[in-house]
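Structure assessment
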Amino acid sequence: MKTFNYHSAKDVKEASKLSSSKSAFLAGGMTTIPSMKLGLANYKDIINIKGIKKLSGIKVSGKTVTIGSTTKHVEVANSKEIKKAIPSLSVLAEGIGDPQVRNRGTIGGSIANNDPAADYPSACIALNAVIHTNNRKINAEKFFTGMFETCLKGGEIIESIEFTIPQKSSYQKYPNPASRYAIVGVYVAKHKSGVNVAVTGAKSCVYNDKNLSGILSKSFSADAINNTKVSSSGMNSDIHASADYRANMVKVFAKKAVEAC
Ligand SMILES: Cc1cc2nc3c(=O)[nH]c(=O)nc-3n(C[C@H](O)[C@H](O)[C@H](O)COP(=O)(O)OP(=O)(O)OC[C@H]3O[C@@H](n4cnc5c(N)ncnc54)[C@H](O)[C@@H]3O)c2cc1C
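We now turn to the structure provided with this report. Each chain carries its own residue numbering, running from 1 in the written order of its sequence. For this predicted model, a pLDDT threshold of at least 70 governs which residues receive local features, and a threshold of 80 or more governs which side-chain atom pairs are given and counted, while totals over whole chains, interfaces and linings are taken from all residues. Side-chain measures here rest on the full set of heavy atoms in the structure, leaving out hydrogens and waters.

**Some remarks on the overall build of the protein**
How we decide: Under the scheme used here, helices are H or I runs from DSSP no shorter than 4 residues and strands are E runs no shorter than 2 residues, and both carry numbers assigned from the N terminus. C-alpha atoms define the radius of gyration in this analysis, and the globule rule sets the expected value at 2.2 Å times the number of residues to the power 0.38. When accessible area is computed with a 1.4 Å probe and restricted to protein chains, residues below 20% of their type maximum are described as buried, those above 50% as exposed, and intermediate ones as partly exposed. Residues are treated as being in contact if the distance between any of their heavy atoms lies within 4.5 Å. Shrake-Rupley sampling with a 1.4 Å probe provides the accessible areas, and residues are treated as covered by the protein chains on show and by no other component. For the charge count, each Lys or Arg is scored as positive and each Asp or Glu as negative, with His and the chain ends excluded. Taken as the charge location is NZ of Lys, CZ of Arg, CG of Asp or CD of Glu.
Within the protein, the regular secondary structure consists of eleven helices and 14 strands. Taking 2.2 N^0.38 as the reference for a compact globule, 261 residues should give roughly 18 Å; the C-alpha atoms of the protein span a radius of gyration of 18 Å, in line with that estimate. Overall size of the protein, expressed as C-alpha extent along the three principal axes, is 55 × 45 × 30 Å. Across the 261 residues in the protein, those meeting the buried criterion constitute 51%. Taking all contacts inside the protein whose residues are at least 6 apart in sequence as the whole, residues at least 24 apart take part in 58%. Summed over its atoms, the accessible surface of the protein is roughly 12800 Å², and 51% of this surface lies on carbon and sulfur atoms. On the protein, the mean spot of the 35 positive side-chain charges and the mean spot of the 19 negative ones are 3 Å from each other.

**A short note on the sheet that holds strand β2 (residues 23–26)**
Note on sheets: strands pair through backbone hydrogen bonds, and any given pair is parallel or antiparallel. Keep this limit in mind: Paired strands are those between which DSSP finds at least two bridges. Interaxial angle, 0 to 180 degrees, is taken between N-to-C directions of lines fitted to C-alpha atoms, where a helix line uses only the stretch in contact.
An order of β1-β3-β2 is seen for the three strands of this open sheet, with the pairing classed as parallel. Looking at the sheet topology across the chains shown, the edges are occupied by β1 (5–8) and β2. Each adjacent strand pair in this sheet contributes to an overall mean axis angle of 20°, direction not counted. Where β1 meets strand β3 (residues 45–48), four bridges bridge the pair, whose relative direction is parallel. For H7, the partnering residue across the bridge sits in β3 and is I47.

**Considerations on the site of the ligand**
This is how it is decided: For this purpose, a residue is taken to be near a molecule or strand whenever a single non-hydrogen atom of the residue falls within 4 Å of it. For this classification, the nonpolar set comprises Ala, Val, Leu, Ile, Met, Phe, Trp, Tyr, Cys and Pro, the charged set comprises Asp, Glu, Lys and Arg, and every other residue, Gly included, is treated as polar.
Residues in close proximity to the ligand total 29 residues, the closest being G29, M30, T31, T106 and D119. Residue assignment for the shell around the ligand shows that the elements contributing at least two residues are β2 and α7 (107–113). Broken down by class, the residue content of the shell around the ligand amounts to 13 nonpolar, twelve polar and four charged.

**With respect to the environment of G108**
Among the secondary structure elements, G108 is positioned in helix α7. With 51 residues separating them in the primary sequence, G108 and E159 have C-alpha atoms 7.7 Å apart. Excluding anything up to four places from it in sequence, G108 contacts S69, I158 and I161.

This is the structure:
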């Protein structure tokens, strides 16, 4: 039997104070609970943050969409405001896992966990997101630091994620047929300041393909990347796809995304 202390935090300050190197925050529980059940993780304290009202909700302003960290995937998928401001973000949320996962999993839990094949990290990079925590604001490019790693410090809680509304955007992924995690996912966003091509599933951590981003910033058309080769160096190779296959998928999906914008 696995024993742990369960806490239901009334506010962010209390949740942060309760945390330690042996605790986890409970948002959707879609990673934490299975990890504990499978014996992959063991926590002394589980701190439920779902009751903290300020962590949930969607706000669209002129230039940004801000999503509270405990907002569920289903809420992002169904939000009329997001569908209008950044339709590709709703499409991404609609493609996560299955209805059970979308009805419990949260955006904050997803980016804190930083699974190499998760969808939201690519949206954060492509949409120049700013991650608001209880201590600071972090640019997405600095937030994701490695496989299942972020720059979050002990006791730091993601409060919300602020996305910049792009001129055009599209997210295209090849989902794992069982889990729907991305074997490769490519999020293309065209901003006034330039284009971002964010890739998930291909390497150990989400990244901005600076080469593709640079080419598309100069000429935003699928044909512009026809003659570019995406290197397979550092790409994942497993039973689902080889590194070379993934590298080719990055290019194919980047083209598809540009065409869908
Ligand atoms: C069967 C299955 C299929 C899935 N398919 C996909 C998929 O296709 N695409 C995809 O992207 N994801 C997928 N997921 C992941 C899922 O979407 C969840 O987003 C993810 O599991 C974590 O979110 P959560 O809210 O459940 O977090 P939890 O499990 O509650 O927490 C996960 C971690 O994040 C930390 N955390 C949570 N909230 C915060 C916060 N606000 N601040 C700081 N730290 C925090 C916790 O301490 C914990 O370490 C799948 C999961 C399952 C079980």
